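Architecture at a glance
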Amino acid sequence: MYDVVDFLLNTQLGLNSPDWVVMLISHLVVVGMLFAVAPLQVLFLTYYERRAIARMQDRVGPNRVGYEGLLQPVADGVKMFTKEDIVPDSADKIVHLLAPIVAAAPVLYMFAVLPWGPNMIAVDLPTGLLFFFAISSISTVGLLMAGWASNNKFALLGAMRAVAQVVSYEIPALLSLLFAVMFAGSMSLMAIVEAQGGLFISTTDVPSVPDLGLGWFVFTPVGFLAFVCFFIAALAEGERTPFDIPEADSEIVAGYMTEYSGMKFAMFYLAQYILNFLLCAITATIFFGGWQGPGVAWLVSQSLSADNPAGNPVYNVLAGMLGTFYLLAKTYMFFFVMVALRGAFPRLRIDQLMNFGWKFLIPLTMINILSAALWIAITRWGTAQGFGIIEFAGEPGNLVRWVIAFAVTLVINVAAYWFLARLNVQDHAARQAALTAGGLAVSPPRSA
Amino acid sequence: MSNDTLTHSVTFTEAPAALTVVVDPTPQIARGSAVIVERRRPKAAGWSLLQGLGVVVDHWRKSFRKLDDPTQIAGTFTTEYPEERLPLPEAYRNMPILLFDDATGHELCTSCFQCQRICPPQVIHMTQAKDPETGKPVPAVSEFIIEYDACMSCGFCAEVCPFDAIKMDHDFELSTANHPSLTVHKAGLLRPVSYYQSIAPTFWAEAEASAYKKLEANKKRRPASIGIAPQMIEQVKAAHELRDDQQEADSPPAPVAIAPALDAGRAATPATASAAPAASDGDLPTDKAARLAAIRARNEAKKAAEQAAPAQAQPAAEGAATALTTPDAPLTDALPAASERTAPPAPATPDAPLDEKAARLAAIRARNAAKKAAQAEEE
């Protein structure tokens, strides 16, 4: 964006503006775009979710306002704006006002490091991944503020549940993402996406494969297991069914949002849907190649850049459009999975959630880090690094290393999954048996 | 056809022998034997979660197809209500309505109070009509109110009505911001019989014969325009006025001469000849009404005659009556039939409603004439 603004202001209009003006304008444009994109995504996602879940329940869904109900979210927004803002008498007024802001602002920051297409990123932070998850934790503070300030027992219960859940599930989420940092050798999200070129085999592992933008990490056993774990953890972070415990409407009204109405309620809603969008987008970015896809690499090679001054700027635009299309298609696909999960599964209990997170997901992701380390060792290390088990020179050597790494990590991960699942099933059976045998029986013992 | 049934019966008789062993260890429970269905065990932990997800996604995929066959378990079956509507069953009942005869405008209700009595929430109220001259009650209703806001749509009123005058409507879109409008008066309750026939054809076919028979009997006891639906009064009045004009122009004062005058009038004056078919364009083809009016006229004449028994009034009235009953028929043919009170199948004339009115007019004139005669006799 700096280049574009510089070109327009200095070259085209001849204004000779100083560097800082160009910098400021380009950043303001980017920020404006992101601030416009985020609420529009929320509008679309609410409509998308309602239509999709209606179809899953053999209904039609909202189809009255506008063509096929496309203006329904706008109507909902107007309704939200015109609602009365009610603040409880005994609420902590200032904190009650601040809570939705604290909850919604961090998720907008997360947009800053999301790569939309080749060279399309607001800020390519070297620690993008860390920033993304660090800033997402701040909105938890907003949830707790909301629950506390409302002076309502349901709100406080919901806030406590939200904090407990988000804090526990950040651990498996981040542990499962560590593999991507190891694979790409960077925390920059752009670098992670660029490491996923190729064709089912990443070009960073085997440089000779054709770059069709399909070397997604999910095609490796390590990446697949990490994807499953991360997506489950993301559901918990985004408070989606089956982990919508903080706002369990059948138990605690609406959780921390109970005492909110009008635009403040809409802010929480906005924050939640932006978070869900971003979690889907980050899943697509880290596991499914983000903007990578067939054709993008070719368009980039044709486009105008510092390396390729003869390129056509039309290809820059086309590459960006295709990349954004791939990213959004993948994101909406994951959001569809989220909606399908909501349609299929009931809500977990808080103890089930904790058991699953601490006894299953965290050990599994830890073993996955071991697999990831083995993957790196087998595919990239040689005797120089003290791992000269397989030393092949030249091109077939890389492929053979890749196959060996695939087989080893597959065996480790499948065994780990099978072992942990069995342990958890046995543990569950034992607890059930203890409940029925002991005096703590919740249901009368069933006779054979 | 016979071949089909034969093969079918053969398979049926052979089938039980083949199906004797269904489940090997058939468990016996109190209500018979239970069938144990073997389900596939989940292959791995988490597999059943994917299966559940598969069901949901399958429903999503199939929901783009319309569910038209009720045996399907997936597919959209939504009827987009304001645009699409499911056909209502005939027996659907929402709010009660009153019926009136399309042809004559006569209400079927006789104010028997059965519905008012049976109504559980007591929302039906009615006033019986009275003859304005004698003050005696007439089998007709002068005001009928149903409070739709409190009606519970039980349909008892329609079931109990001996005259098939009150029926349950199919219109369910009654929501309104105007609450008092839900207290519906007679004019708002009345619907033509043809409307009820259109929403419940078989039910009306069952009730039609007895309903009309009773209506015919009741019409005789309703003087003037009593018992005619308010929305039909204008129509009937218009027909009346047309007939009055015609009569004033054509008929001589003597009631005896009405019949020839009518014939002559219709044939001679081009004005009335052109006006008459126009008036008859409405679907009121019954000469029945005319016949009835004639009978009434004769009865009135008789009544008047009984007071003084004038010899000359009787034939006059009868002449008028028969002339109106069959305007086109020769006087000699119609006379004996009319006197027996069973009207002959008169040819349907295009200006039947006019005849009815004319008959009534003639009846009044006949009565007046008879009275005058009686007075003259007394003097």
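Residues numbered from 1 in each chain as written. Chains lettered and ligands numbered in written order. Predicted model: local features only at pLDDT ≥ 70, side-chain atom pairs only at ≥ 80, totals over all residues. Heavy atoms only, no water.

**Description of the packing of aromatic side chains**
Residue and element names in this part refer to chain A. Counted only if it meets this: Pairing of aromatic rings covers Phe, Tyr and Trp, the last counted by its six-membered ring, and requires centre-to-centre distances within 6.5 Å; plane angles under 30 degrees mean stacked, over 60 mean edge-to-face, and any other angle means tilted. We count a stretch as a helix when DSSP gives it H or I for four or more residues in a row; a strand needs E for two or more, and each element gets its number in order from the N terminus. Using a 1.4 Å probe on the protein chains alone, a residue whose accessible area is under 20% of its type maximum counts as buried, one over 50% counts as exposed, and one in between counts as partly exposed.
Here the structure, examined in full by the defined rule, presents 42 aromatic pairs over all chains. Judged by centre distance (5.7 Å) and plane angle (10 degrees), the rings of Phe44 and Tyr48 are stacked. Remark: Tyr48 and Phe44 occur in helix 2 (residues 19-56); sequence separation between them is 4 residues, near one turn of the helix. Its relative accessible area of 31% is what places Phe44 among the partly exposed residues. When the centroid spacing of 5.9 Å and the interplanar angle of 75 degrees are considered together, the rings of Phe360 and Tyr417 count as edge-to-face.

**Structural notes on helix 12 (residues 350-380) of chain A**
Note the cut-off: To estimate the expected span of a helix, count its residues, drop one, and scale the result by 1.5 Å. Given a residue, its bend is the angle between the two axes fitted to the seven residues that end at it and to the seven that start from it.
Between the first and last C-alpha of helix 12 of chain A there are 43 Å, a value that for 31 residues agrees with the 45 Å anticipated at 1.5 Å per step. A:Gly357 marks the point of greatest bend in helix 12 of chain A, at about 30 degrees.

**Side note on the pattern of salt bridges**
Residues and elements named next belong to chain B. Put simply, the rule reads: In what follows, salt bridge is the name for a side-chain nitrogen of Lys or Arg lying within 4 Å of a carboxyl oxygen of Asp or Glu.
Across all of its chains, the model carries 18 salt bridges over all chains by this definition. Note that Glu107 is salt-bridged to Lys186, the shortest N-O span being 3.0 Å. One end of the pair, Glu107, is in the loop between strand 3 (96-100) and helix 3 (114-118); the other, Lys186, is in helix 5 (residues 186-189), with 79 residues separating them in the sequence. Given the relative accessible area of 1%, Glu107 is considered buried. Overall, Lys186 belongs to the buried group, its relative accessible area being 9%.

**Notes on the sheet that holds strand 4 (residues 124-130) of chain B**
Residue and element names in this part refer to chain B. Convention followed: Strand pairing follows a simple DSSP-based rule, namely that at least 2 bridges must link the two strands.
The 3 strands lie next to each other as 4-5-7, forming an open sheet whose pairing is antiparallel. Strands at the two margins of the open sheet, each flanked by one partner only, are strand 4 and strand 7 (183-184). Bridging between strand 5 (residues 137-147) and strand 7 involves 2 bridges; their strand directions are antiparallel. The partner of Glu147 across the bridge, within strand 7, is Thr183.

**A few points about the pairing of strand 3 of chain B**
Residues and elements named next belong to chain B. Along strand 3, 5 of the 5 residues are buried, which leaves the element largely enclosed by surrounding structure. Taking every second residue as pointing to the same face, both faces of strand 3 are buried, with Pro96, Leu98 and Phe100 on one and Ile97 and Leu99 on the other. Looking at chain direction, strand 3 and strand 6 (residues 166-168) are connected through 3 bridges and run antiparallel. Within the sheet, the bridge partner assigned to Ile97 lies in strand 6 and is Lys167. Summarising the sheet, strand 3 and strand 8 (residues 190-192) pair through 3 bridges and their orientation is parallel. Paired with Leu99 across the bridge in strand 8 is Arg191.

**Brief notes about the interface of chain B and chain A**
What counts is decided by this rule: The contact criterion used is simple: two residues touch if any of their non-hydrogen atoms lie within 4.5 Å. When two components associate, each loses some accessible surface as probed by a 1.4 Å sphere; the sum of these losses over both components is called the buried area. Under this definition, polar contacts are N or O atom pairs within 3.5 Å; protein pairs additionally need one hydrogen-donor-capable and one acceptor-capable atom, and for neighbouring residues in sequence, both atoms have to be side-chain atoms.
Between chain B and chain A, the residue contacts involve 20 residues of the former and 16 residues of the latter. Summing both sides of the interface, chain B and chain A together bury roughly 1400 Å²; the carbon and sulfur share of this comes to 62%. Its largest share of buried area at the contact with chain A, chain B owes to B:Leu53, B:Val56 and B:Trp60, together 33% of the area lost on that side. Linking chain B with chain A are 2 salt bridges. Here chain B is connected to chain A by 6 residue pairs in polar contact (both at pLDDT 80 or more).

**Topic: the packing of helix 11 (residues 313-344) of chain A against helix 2 (residues 47-62) of chain B**
This is how the line gets drawn: Lines fitted to C-alpha atoms define the axes here, with helix axes fitted over just the stretch in contact, and angles between the N-to-C directions of these axes take values from 0 to 180 degrees. Throughout this description, any angle smaller than 35 degrees is read as roughly parallel, any larger than 145 degrees as roughly antiparallel, any in the 65 to 115 degree range as roughly perpendicular, and the remainder as oblique. Lys, Arg, Asp and Glu make up the charged group, whereas Ala, Val, Leu, Ile, Met, Phe, Trp, Tyr, Cys and Pro make up the nonpolar group; the residues left over, Gly among them, are polar.
Where helix 11 of chain A contacts helix 2 of chain B, the axes come no closer than 9 Å and their chain directions differ by 110 degrees. In terms of orientation, helix 11 of chain A lies roughly perpendicular with respect to helix 2 of chain B. Contacts between helix 11 of chain A and helix 2 of chain B involve A:Phe336, A:Ala340, A:Leu341, A:Gly343 and A:Ala344 on the former and, on the latter, B:Gly52, B:Leu53, B:Val56, B:Val57 and B:Trp60. A class-by-class count of the residues in the contact of helix 11 of chain A with helix 2 of chain B yields 8 nonpolar, 2 polar and no charged.

**A few points about the sheet that holds strand 3 of chain B**
Residue and element names in this part refer to chain B. Taken in spatial order, the 3 strands line up as 6-3-8 in an open sheet, and their pairing is mixed. Lying at the two open borders of the sheet, with one neighbouring strand each, are strand 6 and strand 8. On average, each strand axis in the sheet is tilted by 50 degrees relative to the strand beside it, whichever way the strands run.

**With respect to helix 3 (residues 72-82) of chain A**
All names here are of chain A. Basically, it comes down to this: The arc in question is traced by the directions running from the helix axis to the C-beta atoms.
Every buried residue of helix 3 is listed here: Gln72, Pro73 and Met80. Within helix 3, the buried residues cover an arc of 95 degrees as seen down the axis, which keeps them to one side. Residues of helix 3 that are exposed and point more than 90 degrees away from the buried face comprise Phe81 and Thr82. Elements that come into contact with the buried residues of helix 3 comprise helix 2 and helix 9 (262-287).

**Here we look at unusual backbone geometry**
At A:Glu239, a residue that is not glycine, the phi angle is positive and equals roughly 55 degrees. Relative to the helices and strands, A:Glu239 resides in the loop between helix 8 (221-237) and helix 9. With relative accessibility at 6%, the residue A:Glu239 sits in the buried group. Positive phi values are uncommon outside glycine, yet B:Gln122 reaches one of about 55 degrees.

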